[in-house]
Amino acid sequence: MAHGTTLVIGAEGGIGQALTAALRREGRAVFGTSRRGASTGLLHLDLADIPPDFAAPADVRVAYLCAAVTATDQCRKNPAGTSRVNVHGTLRLAERLARVGAFVVFPSTNMVFDGSVAHRRADDARCPQSEYGRQKALAEEGLLAMGGQAAVVRLTKVLTPGMGLFANWSAGLKAGQAIAPFANMPMAPIPLDLVVRAMLDIGDRRAGGVWQISASRDVSYAEAALRLASFLGAPTQLVQPVPWREAAPDLEHVPEYTSLDASRLAEVLGLAAPDPLEALDNAYGAYA
């Protein structure tokens, strides 16, 4: 297969960095961008202020739009500023790329839904309850209006290396200190390598529309913490769950479920939804 050149927008982020590394391991021509002008080997691009003369490298066949403001609290406090990146800049750049024949792959989120139902279908109506979810929903709408030129890849909780939360839990448990995970906050954790494999396959196939990557079910943060304690051989009594409303009453929205229906992924790409506890165990290996 002739792959052409691949462009990774936001190549310093968790997903963008992993995509770039995987493409380079396969010997593909890949360019990455960063809003940090001093980043060696990366093109400078800030989605909040795309230069009129910005031009993608020649022969870009696939572009992964991984740059975004993902901090939900930042989106809530500064909706206008974050929308410049997550909606307006994203769609402006996608349109430019599509005009030169590039296929656009856009990582989105389960937060385009309200979380009232488990295993949300890809064709369910979007119903976001947070500013971040609303921004992602607007970007999805604009990208899907491009027809076969774009794919939206909705993700649940991606387990990236060195996650601060797990690292803090691990350090506390190893020191014999109690940790206080949220008792009633769900996640459907998925491995980063599954996300990368799926996104590369979607880009290679130029397979448009909505894709969803999710664990097979939700688990609570408390269950994840208990699993870590067991994995480390720490006393489970050190895991002392608390209701999120007590510990973080300012959170904009906490869903009842985060899991998505990932049947298209299994049927077309042969990638099954992982068991959430197995996904966590793989991530916890870094803290053993």
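Here, every reference points to the structure presented above.
If you're wondering where the values come from, they're calculated on a predicted model, not measured in any experiment.

Undergrad: Is there a simple way to think about the pattern of salt bridges in this case?
TA: In a structure, side chains of opposite charge can pair up when their charged atoms sit close to one another. According to the stated counting rule, one finds 14 salt bridges in the structure shown. Notably, a salt bridge pairs aspartate 73 with arginine 76, separated by 2.5 Å at the nearest N-O pair. Placement of the pair is aspartate 73 and arginine 76 together in helix H2 (residues 72–77), with a separation of three residues, close to one helical turn. Since its relative accessible area comes to 35%, aspartate 73 is described here as partly exposed. In this structure, arginine 121 and aspartate 123 form a salt bridge, with 3.2 Å as the shortest nitrogen-oxygen distance. Owing to a relative accessible area of 45%, arginine 121 belongs among the partly exposed residues under this scheme. It is possible to trace a salt-bridge network through shared partners that takes in Glu26, Arg28 and Asp204.

Undergrad: Please clarify how the packing of helix H7 (residues 221–232) against helix H10 (residues 276–284) should be interpreted in this entry.
TA: Two measures define how a pair of helices packs: the angle their axes make with one another and the distance between the axes. Relative orientation of the contacting elements H7 and H10 amounts to 50°, with a least axis distance of 10 Å. In terms of axis orientation, H7 runs oblique to H10. Seen from above, H7 lies across H10 with right-handed handedness. The residues of H10 that touch H7, namely those facing Glu223, Ala224, Ala225, Arg227, Leu228 and Phe231, are Leu277, Leu280, Asp281 and Tyr284.

Undergrad: So what exactly am I meant to see when it comes to helix H3 (residues 79–99) here?
TA: Because each turn of an α-helix spans 3.6 residues, side chains separated by three or four positions end up pointing in the same direction. Taking 1.5 Å of rise per residue, 21 residues should cover 30 Å, and H3 covers 29 Å from first to last C-alpha, within 8% of that figure. Most pronounced at glycine 89, the bend in H3 amounts to some 35°. Taken together, the buried positions of H3 are Thr82, Ser83, Val85, Asn86, Val87, Gly89, Thr90, Leu91, Leu93, Ala94 and Leu97. Residue glycine 101 follows H3 closely and has a positive phi angle near 90°.

Calculation criteria
- Residues numbered from 1 in each chain as written.
- Predicted model: local features only at pLDDT ≥ 70, side-chain atom pairs only at ≥ 80, totals over all residues.
- Heavy atoms only, no water.
- Salt bridge = Lys/Arg side-chain N within 4 Å of Asp/Glu carboxyl O.
- Helix = DSSP H or I, 4+ residues; strand = E, 2+ residues; numbered from the N terminus.
- Buried < 20%, exposed > 50% of the residue type's maximum accessible area, 1.4 Å probe, protein only.
- Axes fitted to C-alpha atoms, helices over the stretch in contact; angles between N-to-C directions.
- Parallel < 35°, antiparallel > 145°, perpendicular 65-115°, else oblique.
- Left-handed = near helix turned anticlockwise from the far one by under 90°.
- Contact = heavy atoms within 4.5 Å.
- Expected span 1.5 Å × (residues − 1).
- Bend = angle between axes of the 7 residues up to and from the residue.

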